[in-house]
Amino acid sequence: MQGKWMMLFFLHMCSSSLPLLWICVGWNVEEVTGSQQGIPLSVVKLWASAFGGEIKSISAKYSGSPLLQKKYKELEKSVRVEEIDGVKLVKNLAIKMEEMFRKKAEATRRLVEAAEEAHHQHEENPDLQYEYFNAVLINEVDEEGNNVELGGEFILEPNDHFNNLSVNLSLSVVQVPTNMYNKDPDIVNGVYWSEALNKVFVDNFKRDPTLIWQYFGSAKGFFRQYPGVKWHPDEHGVIGFDCRNRKWYIQAATSPKDVVILVDVSGSMKGLRLTIARQTVSSILDTLGDDDFFNIIAYNQEIHYVEPCLNGTLVRADRTNKDHFREHLDKLFAKGIGLLGDALTEAFTILNNFNQTGHGSICSQAIMLVTDGATEMYDDVFERYNWPERKVRFHLLITTVCVFFFTAGYFSQISTLADVQENVMRYLHVMSRPKVIDHEHDTVWTEAYVDSALKDKAGPSLTTTVAMPVFSTKNETNQGILLGVVGTDIPLHELTKLIPKHMLGIHGYAFAITNNGYILLHPDLRPLYQEGQKRRKPNYSSVDLSEVEWEDKDDILRNAMVNRRTGTFSMEVKKTVDRGRRVLIMHNDYYYTDIKGTPFSVGVALSRGHGKYFFRGNVSVEAGLRDLEQPDVALADEWTYCNTEEQHEHRHLTQIQAIKLFMTGRRPHLKCDRELIQEVLFDAVVTAPLEAYWTGLALNKSENSDKGVEIAFLGTRTGLSRTNLFVPADHLSNKDFLTAEDKEGVFNADHFPLWYKRAAEQVPGTFIYSIPFSTALENKSVVLASTAIQLLDDRKSPIVAAVGIQMKLEFFQRKFWTACRQCTALDGKCIISCDNDDINCYLIDNNGFILVSEEHSQTGLFFGEVEGAVMSKLLQMGSFRRITLYDYQALCREYAGTSDSARTLSDVSFLLEFNLYSWWNIDLTRPRGKTMMVPCDTEYPAFVSERTIKETTGSIDCDGCSRSFVIQQIPSSNLFMVVVDSKCDCSSAPPVTMDPIEIMYILSTSNTNSLKCDRLKFQKDRKKPESCHPFHPEENAMECGSGTRLTVSSPLTALLLPLLAAAICR
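Residues numbered from 1 in each chain as written. Predicted model: local features only at pLDDT ≥ 70, side-chain atom pairs only at ≥ 80, totals over all residues. Heavy atoms only, no water.

1. Examining the overall build of the protein chain
In terms of helices and strands, the protein chain carries 24 helices and 47 strands. Here the protein chain, with 1066 residues, has 58% of them falling under the buried criterion. (Helix = DSSP H or I, 4+ residues; strand = E, 2+ residues; numbered from the N terminus. Buried < 20%, exposed > 50% of the residue type's maximum accessible area, 1.4 Å probe, protein only.)

Structure representation (structure tokens):
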């Protein structure tokens, strides 16, 4: 993490093989005062003044900003301004989230009770024949048109609650992994008794209509899912989903664990055995979660740490670390003889020492041995480290190969690659025994992950799962039997509905993290890339809070929230907007607390100044509803004014319809935010005169005759918006503006519109102009102009609204060129004009982006890419500032099978991503010979104008000639006119770009103190789960494999297992 690692790192250019030189040789800049020869400052001032006056007049007139400001001013004395109490705000939000999570957990607990009762009543019958609805086979027919076996007619209907996915709300379906037999007696019996869950599924959904997927994952491998939905295999006819290696299953079934994996790489492991061993280790890694810690040691006559820099320690089993180790597995090769004794001693030593540091899981411990057999006794090692308590479990997997899991006395033989998955999963039963015997139904919650099955317009949705284990309640032996795990999914957009967005201000937001510091909810979390395809980033579910709130160099905010404290924190932040191309610098106050009953903590951020204040107005309900129902009014789609999801009969209601029913008393049981609605009604009344004003302009034939202004719009602090079209909808240059397709241009679940946020940071009364980047390169481009409406004339005044217009870029540019032809000469013969070939004229905004240039192709580009020498001079003189930013969610393009040096950066990764595998599929392989998008850290610049500098002149010495320029601010705007002498060629000067550069953490094989090694070793603060079941004295320690059970009478008996396994394997 930048700022935490006080060592050197290398910076690589993303888009060029040449190094970027911020100080360049071969050209000099000289500061010049006064006007430059050939570019009179007075003339440029005249042009700027003329254009500024013209464009502000158009913007103010068509937006109606003076009228709206006047209407709010008239009510200034009748409203009440309040400072927002951040502590109270976050505590109330935590209570709402706690209640929502509690309801989901209760639904899950009802499933546990029903499952255990159904199993208790069931008698196992190995000859049971039972037809069930197989998720893959339903509605499938054979060549004769008859339903296939385990298929049958299964009614599916589109349901809007499931994003119009076709489902059956009366029945569940059963999915069986492709590598398992559909009619295996164990599966048929489990499917039969678990049919009892259908009734509970339906009842849960009736009680809480906000529920989505409910399910039971069986320890036998099948998966029962409600509501019923058809599953589709991939192009190879395979569904790789096995519920038992999903995080929700593993977390619920086992306790957190520290694991050392020992891999035999002696000469006998050559060929297929080593291949199976690699796949076995990879499958073991799949069963480890973020609360687990691990290391991998290869051994022959010597001990080899798979990652040498992690000698003698364990690392968290997060996605990044597991992928790092997987890459090293391919480097293992077999030779020599296998001396297991030293490897066992090393493994026990690591577990013992790491446990004493207070790091790691502080719970279960296990050693997993992957070998083709053992030929010696190691009773001295076990007696020294693991007897009599047997706290470290030892698991052996035999690859024609053996994999051993001890203390529980477990081993499994793996003869083919197809055997790997099923045999590895068996160790979970051993690890779950203490919890089963204790009969502890621990509630677990997963980190955020994607549910691609429920896709909306924004792509796959982020989800968390609440899960609980299901145990046998029959009079079993002391082995303990885990029947499976039940779970319920919670879309995280349900959390965003609880956030009082109107109380957070324009730049404020709410966020939540897990006990490991990973983001559960945050507006700056970007889980997707390739916006058209919505592909998933590899490590999207383990983005740490410190990687988003990176200005907190000491992790003060993160660590306080991880440790579930309640408190406050403040810092200056640099928030990027407009796809990362612009930056807003502000000071945030953070308020945070824990969410009871979960491992999560929640926080809110309020920006100082107008963001800390809210005002309350009051109008009659009748007047408010009248103006709210006007056709030009809309409310924010993703804001919750009334909760129409909780009752089925309310789902068809729009927010405005629900508000009307609630406020008139016709639906008193609707859950609505009365306080927010009252302010919405106030805003509807105050903004109502704009409708008549805009209509009058549109009907006046003499106005806007060339149709240069296309749309007028406004938005208020309550998510209310009004729009008026001055041209027919099908004639709009940018049809996406103010629609759901324009994500940054509308009120969203976690942010105000971009034109609203940027206007709020401008000087009151000024307009901010910009070209939307999504349309900058299109033939039909537009310019947006917006301004903020303040309630009071001081810094404590809330920003009550913003208004603006969309105009054609061609119209806007024509006004600019007309202004640039003016001069003060009495005879009308101007000594200088932008039409002259000797000068280049530009119009740029406060972030350096070009709105007007003589070369149309330069529109939308960063000015430094076109005029590098001039931009460098402006930075040197202080007219613009370079702001360094960091992106710890970036992606770099890397060629598979190549070294890190073959990596290039993707676009500045402010694109969204997601891998459209359905949520039940897992990436098992990485393509070879193809490019891959891999996580990386980047540094990149943004540029901001200095507000106090209104005009600047200067010259640049370029290869023997002097190039002069003038920059002049456009009054009442965020724009600058730049006039540059074109006679002197400065093309040798390098451009100033916004290209990101990758921060390279070099891992030296000879230097274990390298930066990357330190990053691998570094353990951030985490809060370990409260529940832990490492061992139970009553458990039967000797269930060997799937069919052999021995009684342990001494350490020696347990130590015979490797020999037995070796005999089996050979």
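2. A look at the packing of helix H2 (residues 65-74) against helix H18 (residues 689-699)
Running from N to C, H2 and H18 cross one another at 160°; their axes reach a closest spacing of 10 Å. One way to sum up the angle between H2 and H18 is to call them roughly antiparallel. For the pair H2 and H18, the crossing hand works out as right-handed. Contacts from Leu 67, Leu 68 and Lys 71 in H2 reach Pro 689, Leu 690 and Tyr 693 in H18. Looking at the contact of H2 with H18 residue by residue, the classes come out as five nonpolar, no polar and one charged. (Axes fitted to C-alpha atoms, helices over the stretch in contact; angles between N-to-C directions. Parallel < 35°, antiparallel > 145°, perpendicular 65-115°, else oblique. Left-handed = near helix turned anticlockwise from the far one by under 90°. Contact = heavy atoms within 4.5 Å. Nonpolar A, V, L, I, M, F, W, Y, C, P; charged D, E, K, R; others polar.)

3. Thoughts on the pairing of strand E20 (residues 482-491)
Among the 10 residues in E20, 10 count as buried, and that is most of the element. Across five bridges, strand E7 (residues 214-218) lies against E20 in antiparallel orientation. Opposite Tyr 215, over in E20, you have Gly 487 as the bridge partner. (Pairing = 2+ DSSP bridges.)

4. Things to note about the packing of aromatic side chains
For the structure on display, the rule yields 44 aromatic pairs. Judged by centre distance (5.0 Å) and plane angle (80°), the rings of Phe 752 and Tyr 756 are edge-to-face. Residue Phe 752 shares its accessibility class with Tyr 756, and that shared class is buried. Their ring planes at 35° and their centres at 6.3 Å tell us that Phe 767 and Tyr 769 sit as a pair that is tilted. Overall, the relative accessible area of 0% leaves Tyr 769 in the buried class. Put simply, the rings of Trp 639, Tyr 641, Phe 713, Phe 737, Phe 747, Phe 752, Trp 755 and Tyr 756 touch in pairs and so form one group of aromatic residues. (Phe/Tyr/Trp six-rings, centres within 6.5 Å; stacked < 30°, edge-to-face > 60°.)

5. Quick word on the UniProt feature "coiled-coil region" (unreviewed entry) in the protein chain
Taking the UniProt record as the reference, the feature "coiled-coil region" (unreviewed entry) is found at residues 90-125. When the span residues 90-125 is considered, its composition is 89% helix and 0% strand, and the gap between its end C-alpha atoms is 55 Å. (UniProt positions renumbered as here; feature names shortened; annotations may be inferred.)

6. Topic: helix H22 (residues 868-877)
Counting buried residues along H22, eight of its 10 residues qualify, which places the element largely inside the surrounding structure. Those residues of H22 that fall on the buried side of the exposure criterion are Gly 868, Ala 869, Val 870, Met 871, Ser 872, Lys 873, Leu 874 and Met 877. Looking one or two residues beyond H22, the residue adopting positive phi is Gly 878, at roughly 90°.

7. A closer look at the pairing of strand E8 (residues 223-226)
Residues Phe 223 and Gln 225 point to one face of E8 and Arg 224 and Tyr 226 to the other, with burial holding for every one of them. Between E7 and E8, which pair antiparallel and follow one another directly, the connecting turn spans four residues, one of which, Gly 221, has a positive phi of 115°.

8. Looking at the packing of helix H1 (residues 41-63) against H18
The interhelical angle for the contact between H1 and H18, taken along N-to-C directions, is 120°, at an axis separation of 9 Å. The angle between the axes of H1 and H18 places the two elements in the oblique class. For the pair H1 and H18, contact is made by Lys 61, Tyr 62 and Ser 63 and by Leu 690, Tyr 693, Trp 694 and Leu 697, respectively. Taken together, the residues of the contact of H1 with H18 sort by class into five nonpolar, one polar and one charged.

9. What to know about the state of the cysteines
This structure, assessed with the given rule, holds six disulfides. The disulfide partner of Cys 642 is Cys 672, and the gap between their sulfur atoms is 2.0 Å. Where Cys 642 bonds to Cys 672 through sulfur, the torsion about that S-S bond is close to 110°, and the disulfide is right-handed. Here Cys 642 is found in strand E30 (residues 642-643), whereas its partner Cys 672 is found in strand E31 (residues 671-672), with 30 residues between them in sequence. Judged by relative accessible area, Cys 672 falls into the buried class, the value being 19%. Not engaged in a disulfide, the cysteine Cys 820 finds its nearest cysteine sulfur in Cys 834; these two sulfurs lie 3.7 Å apart. (Disulfide = S-S within 2.5 Å.)

10. A short note on the side chain of Thr 787
For Thr 787, the position within the fold is in strand E35 (residues 782-790). With relative accessibility at 4%, the residue Thr 787 sits in the buried group. Engagement of the side chain of Thr 787 in a polar contact is seen with the backbone oxygen of Thr 766, the distance being 2.8 Å. (Polar contact = N/O pair within 3.5 Å; in protein donor to acceptor, adjacent residues only side chain to side chain.)

11. With respect to unusual backbone geometry
Residues Tyr 226 and Pro 227 are joined by a peptide bond in cis, for which omega reads -5°. Although it is not a glycine, Asp 555 adopts a positive phi angle of roughly 55°. Looking at where Asp 555 falls in the secondary structure, it is placed in the loop between strand E24 (535-536) and helix H14 (556-562). Given a relative accessible area of 5%, Asp 555 falls into the buried group. Even without being a glycine, Ser 972 presents a positive backbone phi close to 60°. For Ser 972, the position within the fold is in the loop between strand E43 (961-969) and strand E44 (975-981).

12. Examining the nonpolar core
Counting 107 residues, the largest nonpolar core has Met 97, Phe 101, Trp 248, Leu 495, Leu 557, Tyr 590 and Val 604 as its most contacted members. The element contributing the most residues to this core is helix H3 (residues 86-121), with 14 residues. The residue makeup of this core includes at least three contributed by each of domain 2 (93-241 + 452-489) and domain 4 (499-530 + 537-611). In contact with Trp 248, not counting residues within four places along its chain, are Tyr 215, Gly 217, Phe 223, Cys 243, Val 444, Thr 446, Thr 465, Ala 467 and Val 485. Core analysis: the second largest hydrophobic core is formed by 96 residues, Val 619, Ala 636, Phe 767 and Ala 785 among them. (Core = buried A, V, L, I, M, F, W, Y, C linked by side-chain atoms within 4.5 Å. Domains from an automatic or database assignment.)

13. Focus on the side chain of Thr 716
Summarising the element assignment, Thr 716 is placed in strand E32 (residues 709-716). For Thr 716, a relative accessible area of 0% translates into the label buried. A polar contact of 2.9 Å, which involves the side chain of Thr 716, links it to the side chain of Thr 718.

14. Considerations on the pattern of salt bridges
Applying the stated criterion across every chain, the model contains 52 salt bridges. Where Glu 54 meets Lys 815, a salt bridge forms, and the shortest distance between an N and an O atom there is 3.2 Å. Of this pair, Glu 54 sits in helix H1 while Lys 815 sits in helix H20 (residues 809-819), placing them 761 residues apart in sequence. A residue is classified by how much of its surface remains accessible, and Glu 54, at 33% relative accessible area, is partly exposed. Arg 319 is paired through a salt bridge with Asp 323; the nearest N and O atoms lie 2.8 Å apart. One end of the pair is Arg 319 and the other is Asp 323, both in helix H8 (residues 319-329) and four residues apart, which spans about a single turn. A single salt-bridge network, built from bridges that share partners, covers Arg 80, Glu 82, Arg 616 and Glu 675. (Salt bridge = Lys/Arg side-chain N within 4 Å of Asp/Glu carboxyl O.)

15. Some thoughts on the sheet that holds E35
Strand order in the open sheet made by the six strands is E29-E33-E32-E36-E35-E34, with antiparallel pairing throughout. A single partner strand is all that each edge strand has here, and the edge strands are strand E29 (633-635) and strand E34 (768-770). The mean inter-strand angle of the sheet, taken between neighbouring strand axes irrespective of direction, is 20°. Bridge count between E29 and strand E33 (residues 720-725): three bridges; the pairing is antiparallel. Bridge assignment links Val 633 to a residue of E33, and that residue is Arg 722. In this fold H2 packs onto E32, E35 and strand E36 (799-808), with an angle of close to 20° to the strand it touches most, E35. In this fold helix H17 (residues 674-687) packs onto E29, E32 and E33, with an angle of close to 30° to the strand it touches most, E33.

16. With respect to a negative patch on the surface
A contiguous patch of negative charge, built from Asp 837, Asp 838, Glu 854 and Glu 855, is present on the exposed surface. Among the structural elements, Glu 855 can be located in the loop between strand E38 (850-853) and helix H21 (863-866). (Patch = residues over 30% accessible without salt bridge, like charges linked within 9 Å, V, L, I, M, F, W, Y side chains within 5 Å. Areas by Shrake-Rupley, 256 points an atom, 1.4 Å probe, with all protein chains shown as cover. Lys, Arg positive; Asp, Glu negative; His and termini not counted. Charge placed at Lys NZ, Arg CZ, Asp CG, Glu CD.)

17. Remarks on the environment of His 652
Within the secondary structure, His 652 sits in the loop between E30 and helix H16 (655-663). The class for His 652 is exposed, based on a relative accessible area of 57%. Here the alpha-carbon distance between His 652 and Asp 160, two residues 492 residues apart in the chain, equals 9.9 Å. Among the polar contacts listed, one links the side chain of His 652 to the backbone oxygen of Glu 649, at a separation of 3.0 Å.

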